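Listed here are the chains, written in short residue letters.
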Amino acid sequence: MLIEKGTIVTESTSFQGDILISGGKIKEIGEKIEKTSSTTKVIDAGGCFVFPGAVDVHVHMELPVGPGLCSSDDFESGSRAALAGGTTTIIDFVTPLRGQPLPEALAQRKEQARKSLCDYGLHMSITSWNKHTASEMKNCVEKEGITSFKVYMAYKDTIGLEDRELIPVMDTAAKLGALVAVHCENGDVIKYLQEKFLSQGKTSPRFHPLSRPAAVEREAVLRALTLSAAAGCALYIVHVSTEGALAEIAAARLAGQKVLAETCPHYLLLEKKEYLRPDSAAAAYVMSPPLRPKGHGAALWQALRDDVLQVAATDHCPFNRKQASHPDFSKIPNGVAGVENRLALLYTYGVLQDKISLNRFVEITASAPAKIFGLYPRKGALQPGSDADILIWDPAYEGVISAETHLHNCDTNIFEGFPIKGKPRLIIRRGKIAYEKDSVMLKKGAGLYIPRGAPGLYP
Ligand code: URP
Ligand code: ZN
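First, a word on what this report is: a plain description of the structure on this page. Keep in mind it's a predicted model, so treat the numbers as computed, not measured.

**Some thoughts on the overall build of the protein**
No. 1: The helix and strand tally for the protein stands at 13 helices and 19 strands.
No. 2: Computed over C-alpha atoms, the radius of gyration of the protein comes to 21 Å, within 12% of the 23 Å expected from 2.2 N^0.38 for 459 residues, which places it in the range of a compact globule.
No. 3: If you line up the protein on its principal axes, its C-alpha atoms span 75 × 50 × 45 Å.
No. 4: Considering only contacts in the protein between residues 6 or more positions apart, those separated by 24 or more positions represent 75%.
No. 5: Seen as two clouds, the 53 positive and the 51 negative side-chain charges of the protein have centres 2 Å apart.

Here is the structure:
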């Protein structure tokens, strides 16, 4: 297959050129590649950008959040939506029950993930610490290609860890050369504030952000940095939402600490005022950390430009209106959809509004996440030898985001009505047409589990 006449864009370069694909891999890239007798298909990418297939390293398909309650996209519907938005690889999470052996939880999760249309990897969440955890973590890294572990400083009643449990996780990860991804919010302060509001009859979703103020994130980021520095482990801070957290991360990076961080489109583009909607509508915006007051978004864009943040992922974790409907804000399942909309939002409101360059757009959505999570250069790269995961992006498209038309299995979209410019025109995944003429061509289960190598891109 030959893709010709497009503008090829990577994290470091842009040029008019051609890409030759063979055996599911990129064979050659150059300014002009001649068609040969073995070229079976020629794709004209004239007028389009040619990006590496995007990588979303933070998604939660069918995440169990309580008895009989899971996030509403399963691996099939969620990965179909991801593909339609230009993402060819996702990394989801194994979330063991406390005390459950990690291999057992991993086997269950792999069974669910087999439905994926995207290629996929898994982070292992550590939700408790026992005498088997260190050797099970070693097994994850050495046998399963799972080189990142997720810990939660919030949600202490279910999956969150105390500091005394975070330390051995970080110490073990350091010895294994693995990365620890951290959800940074002070769980004890949140619990105290939730109980205080509820006892005062303040039950509406507008109290969700007030129960998780900005300082709750900043304090947890500083504590995670402190603990990981002591353990000598590399850190990845997920879904950063505040200026204060950025200040801590910037200072740590300047001091040479191995810390990387992501934000999500909703923190860049939406604000706390969404919670002032009527309760039934405001519930759709309940995610953690919550949306922030005006000002934090601008700081996050600046941090993406300054490399304080390296990744824009989605934290995709949708819930339908009915699932999110609860009279007590602290019991509304946390999470929002976004996997289909990430690239269009960052392109429209980032690249086209001069907040980030086109190369930085490719970097934060594809190459940096692939490097950080040990997928590069197989994924996130346009290089000879890389998987032929190629996104042909039509910059002329104009549309509007809506729950009526998105592929997320969710009846709300927090970006409802947002005008967007640009969308995938054609996507190739491992050399096969994955998306064409507004349709996802891959079938359920077409994705491959991708074992990952050593994490990279530290300061
Ligand atoms: O609100 C969120 N972020 N839901 C998904 C689970 C998590 O905390 O990452
Ligand atoms: Zn998450």
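On we go.
**A short note on helix 3 (residues 133-144)**
No. 1: Within the sequence span of helix 3, burial applies to Thr133, Glu136, Met137, Cys140 and Val141. All buried residues of helix 3 lie within an arc of 140 degrees about the axis, which places them on one face of the element. Within helix 3, the exposed residues directed more than 90 degrees away from the buried face are Glu142 and Lys143.
No. 2: Phi turns positive, to about 65 degrees, at Gly145, one or two residues after helix 3.

**A short note on the pattern of salt bridges**
No. 1: Using the criterion set out here, one finds 34 salt bridges in the structure.
No. 2: Note that Glu219 and Arg223 form a salt bridge whose closest N and O atoms lie 2.7 Å from each other. Of this pair, Glu219 and Arg223 both sit in helix 7 (residues 214-231), separated by four residues, roughly a single helical turn.
No. 3: Shared partners join several salt bridges into a network, and the residues in it are Lys25, Asp119, Arg378, Lys379, Asp387, Asp389, Arg429 and Arg430.

**Digging into the site of ligand 1**
No. 1: Within the structure, ligand 1 sits among 13 residues, and Tyr155, His183, Ser288, Asp315 and Asn334 are positioned closest to it.
No. 2: Measuring from an oxygen atom of ligand 1, one finds a backbone N or O atom of Ser288 at 2.7 Å.
No. 3: For ligand 1, the protein covers 97% of the area, taking 260 Å² as the surface of the free molecule.
No. 4: Taken together, the residues of the shell around ligand 1 sort by class into four nonpolar, seven polar and two charged.

**A look at the packing of helix 3 against helix 4 (residues 163-176)**
No. 1: Put simply, helix 3 and helix 4 touch, their axes get as near as 10 Å, and they point 35 degrees apart. Here helix 3 and helix 4 pass one another in a crossing that is right-handed. Between helix 3 and helix 4, the residues in contact are Ala134, Met137, Lys138, Val141 and Glu142 and Val169, Thr172, Ala173 and Leu176, respectively.
No. 2: Residue composition of the contact of helix 3 with helix 4, grouped by class: six nonpolar, one polar and two charged.

**A word on the coordination of the zinc ion (ligand 2)**
No. 1: Coordination sphere of the zinc ion (ligand 2), protein contribution only: His58 (NE2), His60 (NE2) and Asp315 (OD), at 2.0 to 2.1 Å.
No. 2: If you look at the zinc ion (ligand 2), its four donor atoms make angles of 84 to 146 degrees with each other, and the shape they trace is irregular.
No. 3: Counting gaps between the donor residues of the zinc ion (ligand 2) yields the pattern H-x1-H-x254-D.

**Concerning the sheet that holds strand 11 (residues 148-152)**
No. 1: The strand order across the open sheet built from eight strands is 6-9-10-11-12-13-14-15, with neighbouring strands paired in parallel fashion. The two strands at the open ends of the sheet, each matched to only one other strand, are strand 6 (54-56) and strand 15 (311-312).
No. 2: Where strand 6 meets strand 9 (residues 87-94), three bridges bridge the pair, whose relative direction is parallel. By the bridge assignment, Val55 is partnered in strand 9 with Thr89.
No. 3: This element, helix 8 (residues 243-254), spans strand 13 (234-237) and strand 14 (259-263) of the sheet and lies at about 150 degrees to strand 14.

**Quick word on the packing of aromatic side chains**
No. 1: Scanning all chains against the criterion turns up 13 aromatic pairs.
No. 2: Look at Phe415 and Phe418: their rings are 5.4 Å apart centre to centre, the planes differ by 85 degrees, and that puts the pair in the edge-to-face class.
No. 3: Grouping aromatic residues by their ring pairs yields a cluster made of Phe49, Phe51, Tyr347, Phe361 and Trp393.
No. 4: Here Lys371 stacks its cationic end above the ring of Tyr376, 4.7 Å away from the centre of that ring.
No. 5: One Lys or Arg, Lys423, reaches over the ring of Tyr397 and ends 5.3 Å from the middle of that ring.

**Considering the pairing of strand 5 (residues 49-52)**
No. 1: Summarising the sheet, strand 1 (residues 2-9) and strand 5 pair through two bridges and their orientation is parallel. Its bridge partner lying in strand 5, Ile8 is registered against Val50.
No. 2: Pairing of strand 5 with strand 16 (residues 390-400), which is carried by four bridges, proceeds in the antiparallel orientation. Bridge pairing in strand 16 places Phe49 opposite Trp393.

Rules and cut-offs
- Residue numbering note: each chain is counted from 1, following its sequence as written.
- Each chain gets a letter, beginning with A, and each ligand a number, beginning with 1, in the order they are written.
- Reporting in this predicted model follows two pLDDT cut-offs: at least 70 for local features of residues, and 80 or more for side-chain atom pairs to be given and counted; totals over whole chains, interfaces and linings ignore these cut-offs and use all residues.
- Think of the side-chain values as coming from all heavy atoms in the structure, minus any hydrogens and water.
- Secondary structure counts use DSSP, requiring at least four H or I residues in a row for a helix and at least two E residues in a row for a strand, with both numbered from the N terminus.
- We take the radius of gyration over the C-alpha atoms and set the globule estimate at 2.2 Å times the residue count to the 0.38 power.
- In this description, contact between two residues means that some pair of their heavy atoms is separated by no more than 4.5 Å.
- Only four residue types enter the tally: Lys and Arg on the positive side, Asp and Glu on the negative side, with His and both chain ends excluded.
- One atom stands in for each charge, and that atom is NZ of Lys, CZ of Arg, CG of Asp or CD of Glu.
- Buried, partly exposed and exposed residues are distinguished by accessible area as a fraction of the type maximum, computed with a 1.4 Å probe on protein chains only: under 20%, between the cut-offs, and over 50%, respectively.
- The reported arc concerns the directions from the helix axis to the C-beta atoms and nothing else.
- In what follows, salt bridge is the name for a side-chain nitrogen of Lys or Arg lying within 4 Å of a carboxyl oxygen of Asp or Glu.
- Being near a molecule or strand, for a residue, means having at least one of its heavy atoms within 4 Å of it.
- Polar contacts, as used here, are pairs of N or O atoms within 3.5 Å; protein pairs need one atom able to donate a hydrogen and one able to accept it. Residues neighboring in sequence count only if both atoms are side-chain atoms.
- In short, Shrake-Rupley with a 1.4 Å probe defines the accessible areas, and a residue's cover is counted only from the protein chains shown.
- Note on residue classes: Ala, Val, Leu, Ile, Met, Phe, Trp, Tyr, Cys and Pro are nonpolar, Asp, Glu, Lys and Arg are charged, and everything else, Gly too, is polar.
- Between the N-to-C directions of two axes lies an angle of 0 to 180 degrees, each axis being a line fitted to C-alpha atoms and, for a helix, fitted only over the stretch in contact.
- Left-handed describes a crossing whose near helix is turned anticlockwise from the far helix by less than a right angle; the clockwise case is right-handed.
- Water is not among the atoms examined, so metal sites may look incomplete; donors are the N, O and S atoms within 2.8 Å of the metal, or within 3.2 Å for Na, K and Ca.
- Donor angles set the geometry label: tetrahedral for four donors if every angle is between 85 and 135 degrees, square planar for four and octahedral for six if opposite donors exceed 155 degrees and the others are between 65 and 115, irregular for anything else.
- Strand pairing follows a simple DSSP-based rule, namely that at least 2 bridges must link the two strands.
- Note on aromatic contacts: the rings of Phe and Tyr and the six-membered ring of Trp form a pair at centre separations within 6.5 Å, being stacked when their planes are under 30 degrees apart, edge-to-face when over 60 apart, and tilted otherwise.
- In this analysis the charged atom, NZ for Lys or CZ for Arg, is taken to sit over a ring once it is within 6 Å of the ring centre and within 35 degrees of the ring normal.

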